[in-house]
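Okay, here's what each chain looks like letter by letter:
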Amino acid sequence: MPQFRLSEAARLLGVSDDTVRRWVRAGQLTATDDAAGRKVVDGAQLAGFARAQATAPDDPSAVGRSARNRFVGLVTEVITDKVMAQVELQCGAHRVVSLMSTEAVRELGLRPGVLAVAVVKATTVVVETPEGSK
């Protein structure tokens, strides 16, 4: 299962290392020691916590893309059948759902707690405003 050091968890949640340490002390997150003696948080637990929180971290990939809509987050749910899969990411305050092949899920190693980047390239974007906001 993936594990994240407290500083990594802080970066993913968009908060300071001290904030994550306070959450651990308060029992909101559970930290254990890894093989090197560093405090780590289980990826699946962090994914659930991220879903309840919300702030977007920087895109960790070093890949140039034409798509400008990149959502960095943690995989929170994967539902698969023989051919297709539904993958849900919590990207800060945004829930992003992708449909892809089960083969792609296996190749990418997608499971709750894994860090991922959702890249959205769309030719149609609908912008709405609430009534009376003009």
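See the structure shown above.
My aim in this report is to walk through the structure given alongside it, one point at a time. Source: prediction; values computed, not measured.

As a further point, take the sheet that holds strand β7 (residues 115-120). The strand order β6-β5-β4-β7 describes an open sheet built from 4 strands, whose pairing is antiparallel. Of all strands in the sheet, those bounded by a partner on one side alone are β6 (94-101) and β7. Between one strand axis and the next, the sheet turns through 45° on average, direction left out of account. Strands β4 (69-80) and β5 (84-91) of the sheet are contacted by helix α3 (residues 43-52), whose axis makes an angle of about 120° with β4.

Once that is clear, we can look at the packing of helix α1 (residues 6-13) against α3. Relative to each other, α1 and α3 sit at 30°, their axes nearing to 11 Å. Our classification of the angle between α1 and α3 gives roughly parallel. For the element pair α1 and α3, the recorded crossing hand is right-handed. Seen from α1, the contacting residues are A9, L12 and L13; seen from α3, they are L46, F49 and A50.

Moving on: helix α2 (residues 17-25). Inspection of α2 places T19, V20 and W23 among the buried residues, and these make up the whole buried set. Each buried residue of α2 sits inside an arc of 100° when the element is viewed along its axis, so together they form one side. Of the surrounding secondary structure, the elements contacted by the buried residues of α2 are α1 and α3. Looking one or two residues beyond α2, the residue adopting positive phi is G27, at roughly 85°.

A few words now on the pairing of β4. For β4 and β7, the ladder comprises 6 bridges, and the chain directions are antiparallel. In the sheet register, N69 faces β7, and the bridge partner there is V120. Strand direction decides the pairing type here: β4 and β5, joined by 6 bridges, are antiparallel. Its bridge partner being in β5, T80 is matched across the sheet by A85. Two successive antiparallel strands, β4 and β5, enclose a turn made up of 3 residues.

Counting 16 residues, the largest nonpolar core has L13, V20, W23, L29, V41, L46 and L74 as the members making the most contacts within it. Elements that contribute at least two residues to this core include exactly α1, α2 and α3. Counting residues in hydrophobic clusters, the runner-up holds 12 residues, among them A85, M100, L110 and A118.

Let us look at the environment of V87. Considering the arrangement of structural elements, one finds V87 in strand β5. For V87, a relative accessible area of 1% gives the class buried. Between the C-alpha atoms of V87 and E77, which are 10 residues apart in sequence, the distance is 5.9 Å. Setting aside residues no more than four positions away along its own chain, V87 makes contact with V75, E77, V78, V96, V97, S98, M100, V105 and L110.

A word on the environment of P2. Structurally, P2 is set in the segment before β1 (3-5). Taking the C-alpha atoms as reference points, P2 and V40, 38 residues apart in sequence, are found 9.7 Å from one another. In this structure, P2 is in contact with V41, D42, G43, R111, P112, G113 and V114, ignoring residues within four places of it in sequence.

About the thresholds
Residues numbered from 1 in each chain as written. Predicted model: local features only at pLDDT ≥ 70, side-chain atom pairs only at ≥ 80, totals over all residues. Heavy atoms only, no water. Pairing = 2+ DSSP bridges. Helix = DSSP H or I, 4+ residues; strand = E, 2+ residues; numbered from the N terminus. Axes fitted to C-alpha atoms, helices over the stretch in contact; angles between N-to-C directions. Contact = heavy atoms within 4.5 Å. Parallel < 35°, antiparallel > 145°, perpendicular 65-115°, else oblique. Left-handed = near helix turned anticlockwise from the far one by under 90°. Buried < 20%, exposed > 50% of the residue type's maximum accessible area, 1.4 Å probe, protein only. Arc of directions from axis to C-beta. Core = buried A, V, L, I, M, F, W, Y, C linked by side-chain atoms within 4.5 Å.

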